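Each chain is listed here by its residues.
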Amino acid sequence: MASGPQVKANLEEATRLVALAAAAGAHIIVLPEYFALMGMRDTDKVEAMEADGSGPIQDWMAQTAIRQQVWLIGAGVPIASAIPGKVRNSCLVYDNAGKQVARYDKIHLFSLSMGQEQFNEARTIEPGDVVKVVDSPYGRIGLSICYDLRFPELYRAMGDVDMIVIPSAFTATTGKAHWEPLIRARAIESQAYVIAPAQGGYHVNGRETHGDSMIVDPWGVVMDHLPRGSGVVVAAINPQYQQTVRQSLPALSHRHQHLKTVEAG
């Protein structure tokens with residue numbers, strides 16, 4: 001997507017895209033970070049915050065999951081924080097009965113100071129501190145959001161997962177340099193499918209996001225991708241293939257959980 005500052009308009013576009021994905025046979029549909037709101041100011045998401053379990057964005061997710069009979073995942077949902085002036089950046093998971101079955105709050109908060117690009121999510125977001133994994137009829141799914149991608153220890157902490165979702169809104173600058181290598185690395189090291197929908201294009205607030213939404217298999221192969229703009233990326237998850245990868249290259253069983261560093265000299 002290339003979301004804007006109007007929640008209603010963004011949800012209308014998301015409705016269209018979810019329907020396209022469902023028509024293509026998708027059972028799990030993942031929306032990018034900030035799918036419902038890419039505000040003109042950082043504080044816009046604070047003004048749009050919702051109580052956990054109630055609000056227009058959450059209602060839309062529940063109703064859409066029921067209507068399309070899919071598991072629906074979306075991030076950047078501004079859930080109320082206990083800290084005044086801040087929200088939680090939440091990734092919510094709804095099953096096909098419209099029930100919220102998981103909520104992950106973004107742990108790692110993005111900051112960047114590079115020329116004219118200045119970002120500091122900590123000004124308006126309270127970080128989470130709990131790793132979340134959810135069981136679905138289609139496999140075990142690890143939840144993460146955007147900047148989390150740069151911290152492999154988070155994905156190690158998920159344990160054995162079949163899929164990892166990384167809904168994102170990478171900047172054009174960082175995305176061009178780092179997006180695909182990091183996405184593929186997370187798939188390779190976890191020997192899991194990675195589903196990475198992203199904001200991609202020019203936004204009303206003047207921001208440019210990288211896009212390149214993609215699904216990557218456990219060997220690190222990009223199965224499908226969309227460079228920019230609105231659209232859907234679809235791929236089939238094959239548990240047997242994943243098992244073959246893990247049996248052929250049993251890297252997960254070779255991990256050393258407790259390593260000791262010794263200073264030389």
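Keep in mind that what you see is a predicted model, and the values were worked out from it rather than measured. (Residues numbered from 1 in each chain as written. Predicted model: local features only at pLDDT ≥ 70, side-chain atom pairs only at ≥ 80, totals over all residues. Heavy atoms only, no water.)

## Thoughts on empty space enclosed by the protein
Spelled out, the test is: Computed over the protein atoms alone on a 1 Å grid, cavities are sets of points where a 1.4 Å probe fits but cannot get out and pockets are open sets with protein on both sides within 12 Å along at least five of seven lines; a residue lines them when it has an atom within 4 Å of a point. Grid points are joined across faces, edges and corners, and a volume is the space filled by probe spheres set on the points. Basically, the charged four are Asp, Glu, Lys and Arg, the nonpolar ten are Ala, Val, Leu, Ile, Met, Phe, Trp, Tyr, Cys and Pro, and anything else, Gly included, counts as polar.
A full pass over the atoms with the stated rule returns 2 cavities of 30 Å³ or more. Approximately 90 Å³ is the volume attributed to the largest cavity. Along the wall of the largest cavity there are 13 residues; nearest its centre are Phe110, Cys146, Ala169, Phe170 and Thr171. Across the lining of the largest cavity, the residue classes break down as 6 nonpolar, 2 polar and 5 charged. What the second largest cavity holds in volume is close to 40 Å³.

## Looking at the packing of aromatic side chains
Where we set the bar: Pairing of aromatic rings covers Phe, Tyr and the six-membered ring of Trp, with a centre-to-centre limit of 6.5 Å; geometry is then stacked below 30 degrees between planes, edge-to-face above 60, and tilted otherwise. Helix and strand assignments come from DSSP, with helices taken as H or I runs of at least 4 residues and strands as E runs of at least 2, each series counted from the N terminus. Here the term buried applies to any residue with accessible area under 20% of the maximum for its type, exposed to any over 50%, and partly exposed to those in between, with areas from a 1.4 Å probe on protein chains only. Whether a charge sits over a ring depends on NZ of Lys or CZ of Arg being within 6 Å of the ring centre and within 35 degrees of the ring normal.
Using the criterion set out here, one finds 5 aromatic pairs in the structure. Ring centres of Phe35 and Trp60 lie 5.9 Å apart, and the angle between their planes is 40°; this geometry places the pair in the tilted category. A residue pair is termed long-range when its members are at least 10 positions apart, and Phe35 in the loop between β1 (28-31) and α2 (44-47) and Trp60 in helix α3 (residues 56-68) qualify at 25 residues. Residues Phe35 and Trp60 agree in their burial class; the two are buried. In textbook terms, an aromatic cluster arises when at least three aromatic residues are bridged by ring pairs, as seen for Phe110, Phe119, Tyr147 and Phe151. If you follow Arg228 out to its NZ or CZ, it ends over the ring of Tyr202, 5.5 Å from the centre.

## Focus: unusual backbone geometry
For Gln69, which is not glycine, the phi torsion reads 55° and is therefore positive. Among the structural elements, Gln69 can be located in the loop between α3 and β2 (71-80). One non-glycine residue, Cys146, lies in the positive phi region at around 45°. Among the structural elements, Cys146 can be located in the loop between β8 (139-143) and α4 (152-157).

## Looking at a nonpolar patch on the surface
Cut-off, in case you're wondering: Within the patch definition used here, like charges are joined within 9 Å and nonpolar side chains (Val, Leu, Ile, Met, Phe, Trp, Tyr) within 5 Å, considering only residues with over 30% relative accessible area and no salt bridge. Residue burial considers only the protein chains on display, and all accessible areas are found by Shrake-Rupley using a 1.4 Å probe. Take a side-chain nitrogen of Lys or Arg and a carboxyl oxygen of Asp or Glu: if they are within 4 Å of each other, that pair is a salt bridge.
On the surface, Trp219, Val221, Tyr241 and Leu249 cluster together to form a nonpolar patch covering roughly 380 Å² of accessible area. By secondary structure assignment, the location of Tyr241 is in helix α6 (residues 239-248). Taking the relative accessible area as the measure of exposure, Tyr241 reaches 31% and is therefore partly exposed.

## Concerning the sheet that holds strand β14 (residues 222-226)
Defined as follows: Any two strands are treated as partners once DSSP identifies two or more bridges connecting them. The axes are straight lines fitted to the C-alpha atoms, using for helices just the contacting stretch, and the angles between their N-to-C directions are given from 0 to 180°. The contact definition used throughout considers only heavy atoms, calling two residues in contact when any of these lie within 4.5 Å.
In spatial order, the strands read β7-β8-β9-β10-β13-β14; together these 6 strands make up an open sheet with mixed pairing. What marks the edges here is a single partner per strand, and that holds for β7 (133-136) and β14. Sheet twist, expressed as the average angle between the axes of neighbouring strands with direction ignored, equals 20°. Packed onto the sheet, helix α5 (residues 172-190) meets β9 (163-165), β10 (193-196), β13 (213-216) and β14 and runs at close to 25° relative to β13.

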